[in-house]
Amino acid sequence: IILSYLYKNNVSHYKEGFFLGCFFAMLFTVRFFIEFVKENQEAFENTLPINMGQILSIPFIMIGVYLIVSKSVMGTSFIDIRKFKK
């Protein structure tokens, strides 16, 4: 619902990759929190502070946040290269 709203109302303002970043960040954040109520599937997960599903979700959340930040507004990026060229 959130992605369809963003797409319909602001599609021309975002660079390619922004919606993929939103999808990754939202999906794997939800998965991270769902894993708290799920039972561990393997015995070794009982000794881990967070279970394997949460560990595997963290890189995708970080990739999603990176894509959102770097592709958020057309014409700008997370790091402006023009500042460093002199």
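You'll find the structure just up there.
So, here's what we can say about the structure. (Residues numbered from 1 in each chain as written. Predicted model: local features only at pLDDT ≥ 70, side-chain atom pairs only at ≥ 80, totals over all residues. Heavy atoms only, no water.)

## Quick look at the overall build of the protein chain
Item 1. Within the protein chain, the regular secondary structure consists of three helices and zero strands.
Item 2. Secondary structure of the protein chain in N-to-C order comes out as α-α-α.
Item 3. Counting across all 86 residues of the protein chain, residues that qualify as buried make up 21%.
Item 4. By sequence separation, contacts in the protein chain at least 24 residues apart represent 59% of the contacts at least 6 residues apart.
Item 5. As displayed, the protein chain offers around 6,700 Å² of accessible surface, 68% of which is attributable to carbon and sulfur atoms. (Helix = DSSP H or I, 4+ residues; strand = E, 2+ residues; numbered from the N terminus. Buried < 20%, exposed > 50% of the residue type's maximum accessible area, 1.4 Å probe, protein only. Contact = heavy atoms within 4.5 Å. Areas by Shrake-Rupley, 256 points an atom, 1.4 Å probe, with all protein chains shown as cover.)

## Here's the deal with the environment of N40
Item 1. With respect to the helices and strands, N40 occurs in the loop between α2 (18–34) and α3 (52–70).
Item 2. We classify N40 as partly exposed; its relative accessible area is 31%.
Item 3. Filtering out sequence-adjacent residues up to four positions away, N40 remains in contact with E45, N46 and N51.
Item 4. Within the structure, the side chain of N40 is placed 2.9 Å from the side chain of N46, a separation counted as a polar contact. (Polar contact = N/O pair within 3.5 Å; in protein donor to acceptor, adjacent residues only side chain to side chain.)

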